[in-house]
Amino acid sequence: MKTNNFRKLIGRYLFFVVLSNAFLGYSQTSNCDLIITNAIILEVETGNILKNKSIIITAKKIEDIVDDSRHYNGVQNINAAGKLVTPSFIDTHIHPTDVFGDRDKAPKMLGKNARKKLSDAYLPYGVTTTLILGQPENWLNTILDWQKNPNPKFTDHYTAGGALISKEKGKPYIGHSVLENSKIAKQKVIEYHNLGIRHIKLYYRLNKPEFYAAYKTADSLKMNVYGHIGDFGLAHLKIKETLKLGLTKYEHLAMIPNNVLTQQNDWDRLDKEFLKHFGELNSESRVLEYLLEQFRYLDKNKKEALENFINVLSDHHVSFSTTIHFLYQQFASTYFTNPADKTLTAKQTERCLQNFEIFMKYVKQMHDKGVKIRLGSDMANGGKANVSELMILCKYGFSVADAIKIASLNGAEAIGIENEVGSLRKGKMANLIIWDKSPLDAIQNFTSEKVIIKGGDVYVKKTQN
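Structure report, in brief.

Analysis parameters
Residues numbered from 1 in each chain as written. Predicted model: local features only at pLDDT ≥ 70, side-chain atom pairs only at ≥ 80, totals over all residues. Heavy atoms only, no water. Axes fitted to C-alpha atoms, helices over the stretch in contact; angles between N-to-C directions. Helix = DSSP H or I, 4+ residues; strand = E, 2+ residues; numbered from the N terminus. Parallel < 35°, antiparallel > 145°, perpendicular 65-115°, else oblique. Left-handed = near helix turned anticlockwise from the far one by under 90°. Contact = heavy atoms within 4.5 Å. Pairing = 2+ DSSP bridges. Nonpolar A, V, L, I, M, F, W, Y, C, P; charged D, E, K, R; others polar. Salt bridge = Lys/Arg side-chain N within 4 Å of Asp/Glu carboxyl O. Buried < 20%, exposed > 50% of the residue type's maximum accessible area, 1.4 Å probe, protein only. Polar contact = N/O pair within 3.5 Å; in protein donor to acceptor, adjacent residues only side chain to side chain. Core = buried A, V, L, I, M, F, W, Y, C linked by side-chain atoms within 4.5 Å.

## Some points on the packing of helix 9 (residues 284–301) against helix 12 (residues 346–368)
- Close contact between helix 9 and helix 12 brings their axes to 8 Å; oriented N to C, the two are set at 60 degrees. Judged by the inter-axis angle, helix 9 sits oblique to helix 12. For the pair helix 9 and helix 12, the crossing hand works out as left-handed. The segment helix 9 lies against helix 12, with Arg286, Glu289, Leu292, Glu293, Phe295, Arg296 and Asp299 engaging Gln348, Arg351, Cys352, Gln354, Asn355, Phe356, Ile358, Phe359, Lys361 and Tyr362.

This is the structure:
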C-alpha cells in the first residue's frame, strides 16, 4: 500500500514538473533588434515565394526566418502586412567620378561629405553594396577607410583601385592606373593587395605582357579579377585568350561582338553599314549605337559564330555586368530619362530599338545557358539606372524573380561575398527591401516606394518617381 501511494506521489510530481517546464518553455521569449512580420519573401536561389514569414534580425544579421514570431521580443517591429520582401541590390560596376566630377572637375581629395554623397546615389534605390572598378588613386585611402569601416547609414563600397591600362599616347583617364611594363604590372597588383584591395580591373588597353603579369599575380594572391575585354578592331586581347588564363568575370554585355568579329573584312562591312544608317562615329551616343549595330550584323551574317561564342562563355561559367540602361537611354525614354541622342531621326530611332531587341535576345540566351548576369550601371545616377535595368530586363523576357536574383545574389557571387549578402538566409547580413507594391504584380512597381534595411537598420522610405 505504501509503495503504491509513493508511486502516485512521484507520478504527480513528475507530471507537474513536465507541465511547468512546458509552460515556462512556451512563455520564454528571446530578445532581438528587429522583427519583420507578415512578410512575403522571395527566395532568390530558387525563385520560390514564402508567405506569412517573420524575419528575426539581431546584431545586423538575420537570426532566423520563422512562421511564428511570438517567442521573440523585438526592440523594433515592422508589420510587412503581406508585402514582398527581397534582398537589396548590388551594383558591380561603378565609378565615383560619375558622382564627384569627371576629369578636370574631379576633386583631388574626397571631403568629409563624400561618403554620404556617393551613398545617396545608390542607397535610396535599394543598392546597399557596390564595386568600384576604377577611381583616382588620390581617393584610394578614403575609400579603403570606408571599406574597412562599414556604416549602416551608407552603401558599402568595395574597390579595385585604378583600372589598369598600358602606357599610351595622350593623358589617361583619371580613374586609370598606367602600367609601363610587366614588372610594374606585378608590383602594382602587389601594392594594391598590401593595401587591402582584393579586386582588380584589367582593361583591354593593357598590352599582352602587362595583362598576363597583372592577371597571374592577382590570381596567385587569390584576388577577384574583372576584365573589360574587347575593342573595335583586332589590335587588343580578346575574351577567348583571357579565358585560357582563367579569367571569368567580364564587364559590359555590349562588348561581346568585339570578341566575335575576328576578321578585318567583317569590320569593314560593319563600318560601311553603320555609316550608311547613322553617319560618322563622332559622339558618345554614336559609339554606343555602334555597339548595338554590331549585334544586328552578327545576327544577320555570323549568327552561328555568336551562338558558339555564347556556348564557350557558358562552358567557362563566366559572369557579365549589364550596363544596359546606358545603352537604352540613348534612343528611348526610361522612367527617369529622356533620349540622350537628340540627333536621331525617327528611322534611326526605330533601327536602334530593333538593334536593342536583337541584343537582348542574345542576353536572354546567355542567361538561359547559365552565364551569370549581374548589375553594373557604369554611369551617374547609378541607383536609378539599376532600377531601370531591372525593368528593361523584364520588358525583354526576364522574369521578375530572375531580375532580382541578377540584382542581388549574382552580384554577391561576383564580388565574392555571397556568404554574407545577396539573399535572405539565416546568418547573412540583414540587407533587404520591403516593397510597397510588388514588382511580381507589375514591373512598373520596381519604382514604387520601398523600405530599405541595411545591416538591420531601417534606412529610408522614398518615392522613386
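## Considering the pairing of strand 5 (residues 84–87)
- Sheet topology places strand 1 (residues 30–43) next to strand 5; two bridges connect them, and they run parallel. Of the residues in strand 5, the one forming a bridge with Ile40 is Leu84.

## Let's talk about the packing of helix 5 (residues 182–195) against helix 6 (residues 208–220)
- Where helix 5 contacts helix 6, the two axes come as close as 8 Å, and the packing angle between them is 30 degrees. Accordingly, the angle class assigned to the pair helix 5 and helix 6 is roughly parallel. Between helix 5 and helix 6 the crossing geometry is right-handed. Touching Ser182, Ala185, Lys186, Val189 and Ile190 of helix 5 are Pro209, Glu210, Ala213, Ala214, Thr217 and Ala218, all from helix 6.
- A breakdown of the residues in the contact of helix 5 with helix 6 according to their chemical character gives seven nonpolar, two polar and two charged.

## A word on the pattern of salt bridges
- By the definition in use, this model includes 20 salt bridges.
- A salt bridge links Asp266 to Lys302; the nearest nitrogen and oxygen atoms lie 3.4 Å apart. Placement of the pair is Asp266 in helix 8 (residues 264–278) and Lys302 in the loop between helix 9 and helix 10 (303–315), with a sequence separation of 36 residues.
- Of the residues examined, Asp266 reaches a relative accessible area of 4% and is grouped as buried.
- Take Lys302: its relative accessible area is 24%, and that puts it in the partly exposed class.
- The network of salt bridges with common partners includes Glu43, Glu45 and Arg425.

## Examining the side chain of Thr86
- Here Thr86 is to be found in strand 5.
- A polar contact is formed between the side chain of Thr86 and the side chain of Trp435, at a distance of 3.0 Å.
- Leaving out residues up to four positions away in the same chain, Thr86 has contacts with Leu42, Ile404, Leu424, Leu432, Ile433 and Trp435.

## Let's talk about the nonpolar core
- Counting 105 residues, the largest nonpolar core has Ile256, Leu313, Phe320, Phe356 and Phe359 as the members making the most contacts within it.
- Contacts of Ile256, omitting those with residues within four sequence positions, involve Phe295, Leu306, Phe309, Leu313, Phe320 and Met366.
- Counting 16 residues, the second-largest nonpolar core is a separate cluster that includes Ile57, Ile62, Ala430 and Ile453.

## Notes on unusual backbone geometry
- Backbone geometry at His317 places phi at a positive 55 degrees, although glycine is not the residue there.
- Looking at His317, the relative accessible area reads 66%, which means it is exposed.
- Of note in this structure, Asn381 is not a glycine but carries a positive phi near 55 degrees.
- Looking at where Asn381 falls in the secondary structure, it is placed in the loop between strand 15 (372–374) and helix 13 (382–395).
- Residue classification places Asn381 among the partly exposed positions, given a relative accessible area of 41%.

## What about the sheet that holds strand 8 (residues 156–159)?
- One open sheet accounts for three strands, arranged 6-7-8; its pairing is parallel. Of all strands in the sheet, those with a lone pairing partner are strand 6 (89–94) and strand 8, marking the two edges. Between one strand axis and the next, the sheet turns by 20 degrees as a mean value, whatever way the strands run.
- Where helix 4 (residues 140–148) meets the sheet, its contacts fall on strand 7 (127–132) and strand 8, and the angle it forms with strand 8 comes to roughly 130 degrees.

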